[in-house]
Every structure is written in structure tokens, then in C-alpha cells.
Amino acid sequence: MTLKKSVSVFGVTGSIGASTVDVLKSHTDKYVVEAVTAHRNVDALARAAIELGAKCAVIGDPSCFADLRDALAGKGIEIAAGEDALIEAAERPSDIVIAAIVGAAGLKPTLAAIRRGARIGLANKETLVCAGALMTAEISRHGATLIPVDSEHSAIFQVLEDREEMRIDRILLTASGGPFREWSLKDMQSVTRVQALAHPNWEMGAKISIDSATMMNKGLELIEAWHLFPVAEEQIEIVVHPQSVVHSMVEYPDGSVLAQLGSPDMRTPIAYALSWPDRIKVDAPRLDFATIGRLNFEAPDTNRFPALRLARQALQEGGTLPTVLNAANEVAVEAFLNDRIGFLDIAGTVEKVMTRLGSEPLTSLEQVFETDEMVRRETSACLVSAS
Ligand code: NAD
Ligand code: MG
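**Regarding the packing of aromatic side chains**
Then comes step 1: Here the structure, examined in full by the defined rule, presents 5 aromatic pairs.
Then comes step 2: Taking 5.7 Å as the distance between ring centres and 70° as the angle between the ring planes, the aromatic pair formed by F336 and F343 counts as edge-to-face.
Then comes step 3: Of the residues examined, F336 reaches a relative accessible area of 3% and is grouped as buried.
Then comes step 4: What makes F343 buried here is its relative accessible area of 3%.
Then comes step 5: It is K108 that lies over the ring of F369; its NZ or CZ is 4.7 Å from the centre.

Here it is as C-alpha cells:
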């Protein structure tokens, strides 16, 4: 009998969180759950903690503490609330941490888990976008292991497995193109929240759904890929692939291109982050190639999707610019979701803030947190002055 691995799930109430719960529930012989966390959704957090038999449940918003206490009364599950409690939950001894908080809010708990040498199943791409070089340095310093959960990066990771020393010519990062892949800029001007939230292939949280619609998600993934894999920026190419069946590809110097394929179901990459280097059974729909019929590929259009250009610029200039891009985007997406700005204003706002603030050399994690806060203030002010 093999020893069970212990797992903590950060952002257990979200889309990735729910898929993680599903995988864990079908493998209770292999995994036990240490801590689960959420921001404000007390009921879903309590449900997940009970279902998974977690030792501890933490709610990020301190005002939800009493509700969580009531919801878990008599269950024998430790509870806590607040940002520091999230960090303490990450410090608890678990073999694996699934980092599935959305946005820069995920940085500190992920860092705490890295610093105790845990294996991180990283869904929270913002961690690498905002502080990639500093985070990867912390990972090597503390002997932590990072396994990507983002489907594209999981695909590349699976293709590269044990081949990291080998030269790669290109990474081909696939993108669905989102709901507006074929829309004109003029039509995109009047996109509504509901239209932007309706992704053709994936069911995801609100923020990443909007990022997919603007294609900022692929921009963030470009930066994420650069931090994860041994390639130069110009060796990462984005390819639009509307069916989301090929999750990404790697080209080798001899011209071979290796890909990982699967149905668009996040349980597959989540399971791999949990079971690596083994594989476990996942109940994901199987590919039926005769039904799929064809797989299409096309070049991305940076005119209609300027977020792609902005993310590449942030990666090229480096320093604090990716942190600026990310924070400005988070604020602009929130403003769009609250009907305060139009769809095209999301990238417009990010560009304005990037131009205004520019880039500074990045030297410390404290600087990342300070920059993140400063950019949020600047972007909010920029939205007010525009309205
Ligand atoms: P979601 O909005 O569905 O869930 C986010 C989770 O984070 C929730 O549990 C929420 O309670 C928690 N949270 C939000 N704000 C928080 C805060 N300030 N403090 C503490 N907790 C907070 O998001 P999601 O779609 O599950 O995405 C999570 C992460 O995974 C994102 O970084 C996203 O880019 C990445 N990702 C998601 C998918 C997907 O299919 N959903 C795919 C690839 C990568
Ligand atoms: Mg992805």
C-alpha cells in the first residue's frame, strides 16, 4: 500500500477548485485533504471541507468568520479567517498545494507553500506573470516543485517531460480565440458582459473568461510559459485553434512537433499535477476524432486583440511591466464586469496605464506587492477620470 499524499486546495470554491474536488473525491484512496480556502463563499467552502474531510477551512474575508464557524459547528474542522490565515494555511504541512485563487491575491499563499518546499499545482498564472523570476528563484532555493495546471502549460510540461536538457526550437501555445474570434472591432465595441462570459469551449471563473475574450489570457500565458520553459520570448508562438483539442505543442530542432491532446476538461491537467509522475484515472470525456472531424489553426490578430501585443511588450521590457499589465488588467476586467467600461476599454486601459507607469527593474517580492497596489490605485483613478 502506498502512503496517501496530503493536499491543500486554495480557491476551492472556484472553477478549478470544483474540478479539483471532483478529482480528489474519486481518489480518496490516494489523497487526504489538509486545508481548503475561499474568499467569501462560506456555504461552498463549508461543503467542500466536509465532503473532502479537510482538517482546516479558511475564509479570506474576515467578516465571514462567524458564518463559517456556524456552518462548520461540531464538524471537528479547524477554521480561520483573513489574509494571514490564508498564508498560515499554506504553511501547514501538505505534500501538494493546488494554487487556484484568482489574481494577484494568490501570490502570498503560493509563496508560503513554495517556501516550505511543497509541490505546487499552479493554476494561478498571475503568480508567474507578476513575479516569475523571483518565484522561480524561491522554488530552487527551497527545493519546491512547480507543476503547471494551466492546460497549455500542462501540455508542454507533459511533452517535455524528462527532456528539459534538449534544445527546443519553438513552443506553440494554442488559443481558442474566445467568443469574439471572428468579430470585427466595430462589433466588439458593444460586447455585453453576458456575451463576453460565454466561452465557446471552457467553463471558467469570470475573470479568466473575460481574459479569454480579450485574449489577455493568452498574453498572460505567454509570460507564464517563458518563466516555466527554457526558451526565449521570440520562440513562443501563439496559434489560434478554435476546437481546444490540441492543448499546445513543442517543436524540436529536427522539425518534429510533439503535442498533447485531450477534451477541454481541466480535471485532466489537475489530475496530472496531483499524480505526477504517475497518471490517475479521470472521468473526462474521451476524444472521438471521427466526430471532431477537423482541427483548425490560424494566426492571432493583434489588431483586434491588442492584449496579445501588450503582454508581449511587457515580457520583452520585463522589470515591473508584467506586474503593471496584470494589475491594470485585473482592475479593468472588474470595471467591465460592473458595466463601468466597454469591452475594448479593457485593453485600452491596460495600455494607458502601462504607458504612463513604464517599467522599473524588479528586485524584490516586496516591490511586486507595492507595485501591484500602486497600479490598482492608478488604474482606478484612470477609470474615474475617463468616465
Ligand atoms: P474562480 O473565480 O472560479 O475562483 C477563484 C477562487 O479564488 C475562488 O475559490 C475564490 O473564493 C478565491 N478567491 C478570489 N479572490 C480571492 C482573494 N482575494 N483571496 C482569497 N481567495 C480568493 O476562478 P478560476 O476560473 O477557478 O481560476 C482560478 C485561477 O486558475 C486563475 O488564476 C485562472 O487564471 C487559473 N486558470 C483557470 C482555468 C479554468 O478553467 N477555470 C484554467 C487555467 C487557469
Ligand atoms: Mg490556459
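**A word on the nonpolar core**
Then comes step 1: Ranked by internal contacts, the top residues of the largest apolar core, which has 127 residues, are V36, I120, L274, L325 and F343.
Then comes step 2: The element best represented in this core is helix α15 (residues 321-337), accounting for 11 residues.
Then comes step 3: Aside from chain neighbours lying at most four places away, what touches L274 is V7, V23, L24, Y31, I96, I98 and R119.

**A short note on the site of ligand 1**
Then comes step 1: Surveying the vicinity of ligand 1 reveals 22 residues, the closest of which are T13, S15, H39, E126 and G205.
Then comes step 2: Interatomic distance of 2.9 Å between a backbone N/O atom of S15 and an oxygen atom of ligand 1.
Then comes step 3: With respect to ligand 1, the backbone of V102 contributes an N or O atom lying 3.5 Å from an oxygen atom.

**Thoughts on the environment of E161**
Then comes step 1: Locating E161 in the fold gives a position in the loop between α7 (151-160) and β8 (170-175).
Then comes step 2: C-alpha of E161 to C-alpha of P277: the two residues are 116 residues apart in sequence and 9.1 Å apart in space.
Then comes step 3: If near-sequence neighbours (up to four positions away) are discounted, E161 is found in contact with Y272 and W276.
Then comes step 4: Side chain to side chain, E161 and Y272 meet in a polar contact 2.3 Å long.

**Thoughts on the coordination of the magnesium ion (ligand 2)**
Then comes step 1: For the magnesium ion (ligand 2), the full set of protein donor atoms is D150 (OD), E152 (OE) and E221 (OE), and the range of their distances to it is 2.1 to 2.2 Å.
Then comes step 2: Read in sequence order, the donor residues for the magnesium ion (ligand 2) give the motif D-x1-E-x68-E. Note on accessibility: D150 and E152 belong to one class, buried.

Reading the values: the criteria
- Residues numbered from 1 in each chain as written.
- Chains lettered and ligands numbered in written order.
- Predicted model: local features only at pLDDT ≥ 70, side-chain atom pairs only at ≥ 80, totals over all residues.
- Heavy atoms only, no water.
- Phe/Tyr/Trp six-rings, centres within 6.5 Å; stacked < 30°, edge-to-face > 60°.
- Buried < 20%, exposed > 50% of the residue type's maximum accessible area, 1.4 Å probe, protein only.
- Lys NZ or Arg CZ within 6 Å of the ring centre and 35° of its normal.
- Core = buried A, V, L, I, M, F, W, Y, C linked by side-chain atoms within 4.5 Å.
- Helix = DSSP H or I, 4+ residues; strand = E, 2+ residues; numbered from the N terminus.
- Contact = heavy atoms within 4.5 Å.
- Near = heavy atom within 4 Å.
- Polar contact = N/O pair within 3.5 Å; in protein donor to acceptor, adjacent residues only side chain to side chain.
- Donors = N, O, S within 2.8 Å, 3.2 Å for Na, K, Ca; no water.

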